[in-house]
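Report on the structure
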Amino acid sequence: MEVKTLKKEESKTGTKIRISGAEAVIHCLLAEGIETIYGYPGGAIMPIYDELYKFRDKLHHVLTRHEQGATHAAQGYARVSGKVGVAMATSGPGATNLITGIADAQIDSTPMVCITGQVARHLLGSDAFQETDIVGISTPVTKWNYQITEASEIPEIMAKAFYIAKSGRPGPVLVDITKNAQFEEFDFDYQKCTAIRSYTANPTLNPSKIEEAAALINSAKKPMIVWGQGIILGKAEEELKSFVEKSGIPAAWTILGASALSSSHPLNVGMVGMHGNYAPNVLTNECDLLIALGMRFDDRVTGDLSTYAKQAKVIHFEIDPAEINKNVHADVPVLGNVKETLSALLPLVKENKHEAWHNEFKDRYKIEFDKVIKNDIHPEKEGLTMGEVIEQINIASNHEAVIVSDVGQHQMIACRYAKFNTSKSNITSGGLGTMGFALPAAIGAKMGAPERQVVAIIGDGGYQMTIQELGTIFQTKVPVKIVVLNNEFLGMVRQWQQLFFDKRYASTEMTNPNFVAIAEGYHIQAKKVTKREDLEAAVKEMMASPDAYFLEVGVEKEDNVFPMIPTGASVSDIRLS
């Protein structure tokens, strides 16, 4: 079969070739260096899939079992690889099924391009079969979107889509392509987009703000760093490490920032937020300087804003101007890519140790360890705990695994206790809190980093929301490890019902199927563990397997996740029990 290809010199010189809009989409993807696409075909996008078939030796298409799974897989791929994830779907329900993953990518700043088919231009607005206004529907949850109605628009719009998705603060972009535009032929010429008028990807660095920040840092007695995913997105891990070590400032992280600094680093003081560590939460309200690096002061981090860090000066390093003063007033806003701004700051920062201040973190860590941590990872009770499962995975992986967690109690336990030596190792749904995220995201993560062990940590509730993606694992043979922590409850909701609704467990108890049998039905090796003496060997067997592996662990039904900041409470009011 003869396949048309663009020679490198042709794309560089702008030489035009006459091709269909559908083939043009494929050439655009190749020009952007895309190697893997997740999607589900249908009538309105069939011309693009037909061309994709001809280029199957250059572009690997992964057939997910649901369009939502395609978006989450693309997210996992993007978050681990640092590249743009790509998802495709047809019009109507195919397109609308992408929305949850798009919304998740928007709030978690994940670079993703979604391509949807659409009915022909002359049918737009006629309520044609499988027509939906996906541009209108997706506008609130995309960084940018556009509907292509003529083939000649494809190169420019696709180039803009990839530039917008990955530049500045990343996010999802949706391109909707009518069917007539896919069939039409035109003279194709592709030029990558490097700038768009009126769109500033990276704010210009202001040296005076760097100097103001350095002055505050050098004079502070009790400074504290909270870093977020901006460090990872900005590829500023080394700059963060250098800043922390030179300044001697204790550094805490949001869940999306986890793994940017090694878990074992002596200046890493743990996680902030609703189920974060005791010391960094409490001491947020005792520090005299709060340095926020690439984080957005989410309500799960701040708790009651009226009491959050009111005693402290705030320096906010941020790429998105919209985040400055949105929730927390910044005494010194430092706009720009955090890699560049930290690099500019470092020479101005004086070396320090802050030993007495560090001891306050250590003292509070001991309190948390005695009241919470040791009971989570070294329990004396008969039933298995989620924390000890995570600890066994830490040991078996030597802290090198990519942990992809779903949403719920197990997510908070995984984020609290998973240990990381390498950045881009903690993949989870942060801002949207999407149950069903982990299984398809783990597929994408493993494809984005095939050399790494990828372990999905999932609750029995979220697992059943996208359980059909076991079929994707079976078909692609992607060797992900799946751990379901089964407490036969929607655990986080049940915990709130216990603590705040007098134990009225309304619609949270789960009657579950035989998960092992289901996994085996997809020809995935599977095992169930309910006893502590069997756990270590089962985890080792799973991690040693060269293939996909499913491990169900029956854990305590009514265990709670502590510490916990009740909704609307101050970070100082964190509960240990």
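Residues numbered from 1 in each chain as written. Predicted model: local features only at pLDDT ≥ 70, side-chain atom pairs only at ≥ 80, totals over all residues. Heavy atoms only, no water.

An unreviewed UniProt entry lists the protein under the name Acetolactate synthase, with Galbibacter orientalis DSM 19592 given as the organism. UniProt, in the comment section headed Sequence similarities (unreviewed entry), describes the protein in these words: "Belongs to the TPP enzyme family." (UniProt positions renumbered as here; feature names shortened; annotations may be inferred.)

Applying the stated criterion across every chain, the model contains 27 salt bridges. K160 is the salt-bridge partner of E156, the closest N and O atoms lying 3.5 Å from each other. Taken together, the positions of E156 and K160, both in helix 8 (residues 154–166) and 4 residues apart, correspond to about one turn of that helix. The class of K160 is partly exposed, set by a relative accessible area of 24%. Put simply, D320 and R169 hold a salt bridge, and the shortest N to O gap is 2.8 Å. Of the two residues, D320 sits in the loop between strand 13 (313–318) and strand 14 (332–335) while R169 sits in the loop between helix 8 and strand 7 (172–178), which places them 151 residues apart along the sequence. Three or more residues joined by partner-sharing salt bridges are found here, namely R169, D320, E323 and K326. (Salt bridge = Lys/Arg side-chain N within 4 Å of Asp/Glu carboxyl O. Helix = DSSP H or I, 4+ residues; strand = E, 2+ residues; numbered from the N terminus. Buried < 20%, exposed > 50% of the residue type's maximum accessible area, 1.4 Å probe, protein only.)

With respect to the helices, strands and loops of the structure, Q409 is situated in helix 18 (residues 409–417). Q409 sits in the buried class, given a relative accessible area of 3%. One polar contact links Q409 to N487, side chain to side chain, over a distance of 3.3 Å. Dropping the residues within four chain positions of it, Q409 is found in contact with M386, N487, G491, M492, R494, Q495, D559, N560 and V561. (Polar contact = N/O pair within 3.5 Å; in protein donor to acceptor, adjacent residues only side chain to side chain. Contact = heavy atoms within 4.5 Å.)

What follows is about the UniProt feature "domain: Thiamine pyrophosphate enzyme central" (unreviewed entry) in the protein. Here the UniProt feature "domain: Thiamine pyrophosphate enzyme central" (unreviewed entry) sits at residues 210–345. Strand forms 20% of residues 210–345 and helix 32%; the C-alpha atoms that close the span are 6 Å apart.

Now for the domain arrangement of the protein. By the assigned domains, the protein splits into domain 1 (17–188), domain 2 (207–361) and domain 3 (378–554). Each of domain 1 and domain 3 was reduced to a C-alpha centroid, and the two centroids are 30 Å apart. Contacts between the two partners involve 24 residues from domain 1 and, on the opposite side, 26 residues from domain 3. The contact between domain 1 and domain 3 buries some 1900 Å² in all, and 64% of this surface belongs to carbon and sulfur atoms. Broken down residue by residue, the surface that domain 1 buries against domain 3 is led by R65, R79 and V80, which jointly contribute 34%. In this structure, the connection of domain 1 to domain 3 is made through 0 salt bridges. The tally of links between domain 1 and domain 3 comes to 10 residue pairs in polar contact (both at pLDDT 80 or more). At the level of secondary structure, the elements contributing two or more residues to the side of domain 1 that touches domain 3 comprise strand 2 (36–40), strand 3 (60–63), helix 4 (67–81) and helix 6 (99–107). Among the elements that make up the side of domain 1 that touches domain 3, the one with the highest residue count is helix 4 (10 residues). In terms of residue class, the side of domain 1 that touches domain 3 is made up of 8 nonpolar, 12 polar and 4 charged. (Domains from an automatic or database assignment. Buried area = accessible area lost by both parts, 1.4 Å probe. Nonpolar A, V, L, I, M, F, W, Y, C, P; charged D, E, K, R; others polar.)

Looking now at the environment of K366. By the secondary structure assignment, K366 is in helix 16 (residues 355–377). Accessibility expressed as a relative area gives 52% for K366, which makes it exposed. In this structure the C-alpha to C-alpha distance between K366 and I137, which are 229 residues apart in sequence, comes to 49 Å.

Here we have 6 strands laid out as an open sheet, ordered 16-15-17-18-20-19, and parallel in their pairing. Whereas interior strands pair on both sides, the edge strands pair on one side only; in this sheet they are strand 16 (426–428) and strand 19 (525–529). Neighbour-to-neighbour, the strand axes of the sheet open up by a mean angle of 20°, direction not taken into account. Here 3 bridges tie strand 15 (residues 402–405) to strand 16, and the two strands are oriented parallel to one another. Paired with I403 across the two strands is N426, which belongs to strand 16. Here helix 19 (residues 438–448) sits on the sheet in contact with strand 15, strand 17 (454–459) and strand 18 (481–486), set at roughly 175° to strand 17. (Pairing = 2+ DSSP bridges. Axes fitted to C-alpha atoms, helices over the stretch in contact; angles between N-to-C directions.)

It is worth spelling out empty space enclosed by the protein at this point. Across all of its chains, the model carries 1 cavity of 30 Å³ or more by this definition. There is about 40 Å³ of room inside the largest cavity. For the largest cavity, the full set of lining residues is D376, T385, M386, G387, I413, D559 and N560. Within the lining of the largest cavity, the residues separate by chemical class into 2 nonpolar, 3 polar and 2 charged. (1 Å grid on protein atoms, 1.4 Å probe; cavity = no way out; pocket = protein on both sides within 12 Å on 5 of 7 lines; lining within 4 Å. Points joined across faces, edges and corners; volume = space filled by probe spheres on them.)

This part is about the environment of I443. The residue I443 is located in helix 19 in this model. Placed 110 residues apart in sequence, I443 and P333 show a C-alpha to C-alpha distance of 38 Å.

It is worth spelling out unusual backbone geometry at this point. The omega torsion across F562 and P563 is 0°, close enough to zero to call that bond cis. Residue placement: P563 occurs in the segment after strand 20 (549–554). Not every positive phi belongs to a glycine, and D127 is a case in point at roughly 60°. Examined against the element boundaries, D127 turns out to sit in the loop between strand 5 (112–118) and helix 7 (134–138). A positive phi angle, near 55°, is found at Q130, a position not held by glycine. Checked against the element boundaries, Q130 lands in the loop between strand 5 and helix 7.

Quick look at the UniProt feature "domain: Thiamine pyrophosphate enzyme N-terminal TPP-binding" (unreviewed entry) in the protein now. Feature annotation in UniProt assigns "domain: Thiamine pyrophosphate enzyme N-terminal TPP-binding" (unreviewed entry) to the following positions: residues 20–135. This span, residues 20–135, is 43% helix and 19% strand, and a straight line between its end C-alpha atoms measures 23 Å.

Using the criterion set out here, one finds 12 aromatic pairs in the structure. With a centroid separation of 5.1 Å and 80° between ring planes, the pair formed by W357 and F361 is classed as edge-to-face. Of this pair, W357 and F361 both sit in helix 16, 4 residues apart, roughly one helical turn. Assigned by exposure class, W357 and F361 land together as buried. Three or more aromatic residues joined by ring pairs make a cluster, and in this case those are F186, F188 and Y190. Here R56 stacks its cationic end above the ring of Y53, 4.0 Å away from the centre of that ring. The lysine or arginine in question, R494, covers the ring of F489, its NZ or CZ lying 5.8 Å from the ring centre. (Phe/Tyr/Trp six-rings, centres within 6.5 Å; stacked < 30°, edge-to-face > 60°. Lys NZ or Arg CZ within 6 Å of the ring centre and 35° of its normal.)

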